[in-house]
Amino acid sequence: QVQLVESGGGLVQPGGSLRLSCAASGSIFVINRMGWYRQAPGGERELVASITSGGSTDYADSVKGRFTISFNNADYTATLQMNSLKPEDTAVYYCNAVVVPYDGPVRSSWGRGTQVTVSS
């Protein structure tokens with residue numbers, strides 16, 4: 001089993017910043033990729049940003065230049081630095097990890113989500 005614990009959500013004014021963290025633990029041999037997704041009310045879950053174990057990153061067009069994802073392979077923590085936040089960034093943010101466990105095939109795991117609200 002792999003567990004993902006997210007932290008750092010909250011309420012922020014437009015133009016403000018938040019930092020989300022996701023810590024992975026459990027039966028982990030290697031993490032291939034970690035990412036952040038978001039889902040707004042009535043919307044579908046969408047990719048915000050992802051990073052591979054080799055450091056390659058991918059961002060949604062709507063967050064390029066404002067959000068930065070990083071990954072610490074020493075403690076299996078992914079961080080999403082969100083700057084210049086806009087009301088349209090309001091959503092529940094979910095962490096995802098693609099993990100090679102010690103005892104089975106590659107699996108994709110999800111955190112429970114953390115609420116980000118951008119409002120004045």
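Whatever comes next refers back to the structure up there.
Residues numbered from 1 in each chain as written. Predicted model: local features only at pLDDT ≥ 70, side-chain atom pairs only at ≥ 80, totals over all residues. Heavy atoms only, no water.

### Let's talk about the state of the cysteines
Here is step 1 of the chain: Taken as a whole and judged by the stated rule, the model has 1 disulfide.
Here is step 2 of the chain: Each sulfur of the disulfide joining Cys22 and Cys95 lies 2.0 Å from the other. One disulfide, between Cys22 and Cys95, carries an S-S torsion of -85 degrees and so falls in the left-handed class. Of this pair, Cys22 sits in strand β3 (residues 18–26) while Cys95 sits in strand β9 (residues 91–100), and the two are 73 residues apart along the sequence. (Disulfide = S-S within 2.5 Å. Helix = DSSP H or I, 4+ residues; strand = E, 2+ residues; numbered from the N terminus.)

### Some remarks on the environment of Ser70
Here is step 1 of the chain: With respect to the helices, strands and loops of the structure, Ser70 is situated in strand β7 (residues 67–72).
Here is step 2 of the chain: With 14 residues separating them along the chain, Ser70 and Ser56 place their C-alpha atoms 9.8 Å apart.

### Comments concerning the packing of aromatic side chains
Here is step 1 of the chain: All told, the structure shown has 2 aromatic pairs when counted by the stated rule.
Here is step 2 of the chain: Judged by centre distance (5.6 Å) and plane angle (70 degrees), the rings of Phe29 and Tyr102 are edge-to-face. Highlighted residues: Phe29 in the loop between β3 and β4 (30–39) and Tyr102 in the loop between β9 and β10 (107–110), separated in sequence by 73 residues.
Here is step 3 of the chain: On the accessibility criterion, Phe29 (52% relative accessible area) is exposed.
Here is step 4 of the chain: Take Tyr102: its relative accessible area is 61%, and that puts it in the exposed class.
Here is step 5 of the chain: Each ring, one from Tyr37 and one from Trp110, has its centre 5.0 Å from the other, and the planes form 65 degrees; the classification is edge-to-face. (Phe/Tyr/Trp six-rings, centres within 6.5 Å; stacked < 30°, edge-to-face > 60°. Buried < 20%, exposed > 50% of the residue type's maximum accessible area, 1.4 Å probe, protein only.)

### Comments concerning the sheet that holds strand β8 (residues 77–82)
Here is step 1 of the chain: Ordered in space as β1-β3-β8-β7, the 4 strands form an open sheet in which the pairing is antiparallel. Of all strands in the sheet, those bounded by a partner on one side alone are β1 (2–7) and β7. Mean inter-strand twist for the sheet, computed between neighbouring axes without regard to direction, equals 15 degrees.
Here is step 2 of the chain: When β7 meets β8, the two strands line up antiparallel, connected through 6 bridges. Looking at β8, one finds that Ser70 is bridged to Thr79. (Pairing = 2+ DSSP bridges. Axes fitted to C-alpha atoms, helices over the stretch in contact; angles between N-to-C directions.)

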